[in-house]
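What the coordinates show
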Amino acid sequence: MRTGGLRGAQRKDRRAGSERHPAGRKRVEAVGLPPEALVRLLQATPLLDGIPQPGLAHVAAQMRRRRLPGGTVLIRQGESARVLYLLASGKLEVTVAGGDAESPPVNILDPPCWFGELGVLMKQPRTSTVTALIDSEVWTLSARQFEAALVQYPQIGRSIIRSLGERIQRKDQDFLGQSTLAIERARLLADLRERNDALAALSEVARAVSASLDVDTTLRAISAYAAQLTLSDSASLFLYDEARDRSEVRASHNTPEEYLKAIERHQAAGLAGATPEAAVGLSLVAKVVRERAPAQIPDAEADTRQRNRSLYLRWGYRALLGVPLLHGSRVVGALCVRRKHAGEFSQREIELVTTFARQAAVAIVNARLFSEIQEKAAQLEVVSRHKSQFLANMS
């Protein structure tokens, strides 16, 4: 067995004993030659797999033990790589400067494991910082001693290549996991923004309903918010005339006037008495009013049963959602939003448009009550004036 390389390296490194400590670093304890237990520990590590017992004992004789109190920085990112390490006990944390402060550590090292060998082989500065999370114990092997062992036992190189492949595979998996986490964080952030926008819009509409008697302005605002927050291209609000059994447009957002006129001409009469079979041929607005429940058309091009299919497609509308305007059990109209691309409206979007529809129903009912009050007040004023004139004439 050739041991001259190892012994020569041992003589050259004997004075060093251990890795130098940069200024300001907490010094770690260095103890004498390792016990026989270190040889058994080396046998358990893949890096030295295949090296005979005498060779392991010779490598162990070159190593030095260091005890690290919890919190000790063993390796600093950017410093020279002079030794490699074998973690015998404890737990180490690997971090990279400049990363996301909220991200987890790059790695957590558990015993037994070698680390720092790539920096030694590549003769490059350390790429990460290693800190003891708890009281730990490591064994060090100098770069010169490691190179001598590598020359004498080429199988160490094969073990390093295998270890590097496994490490790259784990990093790929970690990267995929972190990418998934980043995507989820972005989705949650977008979801939070959407909820905040919806809450702000609902608050604005609620203030308008309670403070404004200009119902047309309020309904136009509701149509605009419903379209914007569902990423729709247009929206319209219809009022249902129960006496005439028809729905008519009262407010809209970004909807062509010609389309609205065509939709009104296509509204089906006889809605109140429509049977379930006949309801299949009803327009979306008529269906919503009749059933007092939301309804949608995910793809008008694919749904050949739709009464107004040709009209929707002529104006480029592929997906439509309608919800009823309910005040108690009474239906007062419908709110519709439209998109020029196919796809279902989500449950959240349906609930959001339904909330806007409730606000619209309150605004409409309040406006009607105010109109009735004004009308009765005018009638009382006329009666009072006539009464005053009668009493004046009598006197």
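That block above? That's the structure.
Residues numbered from 1 in each chain as written. Predicted model: local features only at pLDDT ≥ 70, side-chain atom pairs only at ≥ 80, totals over all residues. Heavy atoms only, no water.

So, the overall build of the protein chain
Where we set the bar: Only DSSP runs of H or I covering at least 4 residues are called helices, and only runs of E covering at least 2 are called strands; the numbering of each starts at the N terminus. Burial classification: accessible surface area is computed with a 1.4 Å probe over protein chains only, and a residue below 20% of its type maximum counts as buried, one above 50% as exposed, and the rest as partly exposed. Contact between two residues is taken to exist if any of their heavy atoms lie within 4.5 Å; hydrogens are not considered. Accessible areas in this description were obtained via Shrake-Rupley with a 1.4 Å probe; residue shielding takes into account the shown protein chains only.
A count of helical and extended segments in the protein chain gives 12 helices and 14 strands. The buried share among the 395 residues of the protein chain stands at 39%. Taking as baseline every contact in the protein chain between residues at least 6 positions apart, the subset at least 24 positions apart corresponds to 70%. For the protein chain, the exposed area adds up to about 22,000 Å²; of that, 54% sits on carbon and sulfur atoms.

Thoughts on the sheet that holds strand 8 (residues 129–132)
Note on sheets: strands pair through backbone hydrogen bonds, and any given pair is parallel or antiparallel. Note the following rule: By the convention used here, strands pair only if DSSP detects at least 2 bridges between them. Note on definitions: angles span 0 to 180 degrees between N-to-C directions of axes, and those axes are lines fitted to C-alpha atoms, for helices only across the stretch in contact.
Within the open sheet, the 4 strands sit side by side as 3-8-5-6. Their pairing is antiparallel. Both edges of this open sheet fall to strand 3 (73–75) and strand 6 (107–109), since each of them pairs with a single strand only. Neighbouring strand axes in the sheet, compared pairwise and without regard to direction, differ in orientation by 30° on average. For strand 5 (residues 92–95) and strand 6, the ladder comprises 3 bridges, and the chain directions are antiparallel. Of the residues in strand 6, the one forming a bridge with Leu92 is Leu109.

Focus on unusual backbone geometry
Following Pro111, the chain continues to Pro112 via a peptide bond in cis, the omega torsion being -10°. Here Pro112 is to be found in the loop between strand 6 and strand 7 (113–115). Phi is positive for Leu231, close to 55°, though the residue is something other than glycine. For Leu231, the position within the fold is in the loop between helix 7 (215–229) and strand 10 (234–241). A positive phi angle, near 55°, is found at Asn254, a position not held by glycine. With respect to the secondary-structure elements, Asn254 resides in the loop between strand 11 (246–253) and helix 8 (257–265).

Concerning the packing of aromatic side chains
Filter applied, for reference: Pairing of aromatic side chains requires ring centres within 6.5 Å, counting the rings of Phe and Tyr and the six-membered ring of Trp. Pairs whose planes differ by under 30 degrees are stacked, by over 60 edge-to-face, and all others tilted.
Applying the stated criterion across every chain, the model contains 4 aromatic pairs. For the ring pair Tyr225 and Phe356, a centre distance of 6.4 Å and an interplane angle of 10° mean the geometry is stacked. Of the two residues, Tyr225 is situated in helix 7 and Phe356 in helix 12 (residues 347–394); the sequence distance between them amounts to 131 residues. Between Tyr259 and Tyr317, the aromatic rings sit 5.1 Å apart at their centres with planes inclined by 70°, giving edge-to-face as the arrangement. Here Tyr317 lies in the loop between helix 11 (309–314) and strand 13 (319–327) and Tyr259 lies in helix 8, a separation of 58 residues in the sequence. For the pair Tyr259 and Tyr317, one class covers both residues: buried.

Some thoughts on the nonpolar core
For clarity, the cut-off: Residues grouped as a nonpolar core are buried Ala, Val, Leu, Ile, Met, Phe, Trp, Tyr and Cys residues, joined through side-chain atoms within 4.5 Å.
Core analysis: the biggest nonpolar cluster contains 26 residues, and Leu219, Ile222, Leu237, Leu321, Leu325, Leu335 and Val337 have the highest contact counts within it. In terms of residue count, the dominant contributor to this core is helix 12 (9 residues). Not counting the four nearest positions on each side in its chain, Leu325 is found in contact with Leu237, Phe238, Arg330, Val331, Val332, Gly333, Ala334, Leu335, Ala357, Ala360, Ala361 and Ile364. Core analysis: the second largest hydrophobic core is formed by 24 residues, Leu42, Trp114, Trp139 and Leu141 among them.

Considering helix 10 (residues 284–291)
Those residues of helix 10 that sit buried are Leu284, Val285, Ala286, Val288 and Val289. Buried-residue contacts for helix 10 involve strand 10, strand 11, strand 12 (295–297), helix 11, strand 13 and strand 14 (330–339). In the segment just after helix 10, Arg292 is the residue with positive phi, at about 55°.

Remarks on the pairing of strand 14
Summarising burial for strand 14: 9 of the 10 residues are buried, a large majority. The pairing of strand 10 with strand 14 spans 6 bridges and is antiparallel. What sits directly across from Ser236, in strand 14, is Cys336. In sequence, strand 13 turns back onto strand 14 through a hairpin of 2 residues, with Gly328 there showing a positive phi of about 70°.

Notes on the sheet that holds strand 13
With antiparallel pairing, 5 strands are arranged side by side in an open sheet as 11-10-14-13-12. Both outer strands of the open sheet, strand 11 and strand 12, are each paired with one neighbouring strand and no more. For this sheet the average axis-to-axis angle between neighbouring strands, irrespective of direction, equals 20°. Relative to strand 13, strand 12 runs antiparallel, the two being bridged by 3 bridges.

Digging into the pattern of salt bridges
This is how the line gets drawn: By definition, a salt bridge exists where a carboxyl oxygen of Asp or Glu is found within 4 Å of a side-chain nitrogen of Lys or Arg.
This structure, assessed with the given rule, holds 12 salt bridges. Measuring nitrogen to oxygen at the nearest pair gives 3.8 Å for the salt bridge that ties Arg67 to Glu137. One end of the pair, Arg67, is in strand 2 (residues 64–68); the other, Glu137, is in strand 9 (residues 136–142), with 70 residues separating them in the sequence. Here Arg67 falls in the partly exposed class, since its relative accessible area comes to 37%.

Read these as layout, nothing more, since geometry by itself doesn't imply function.
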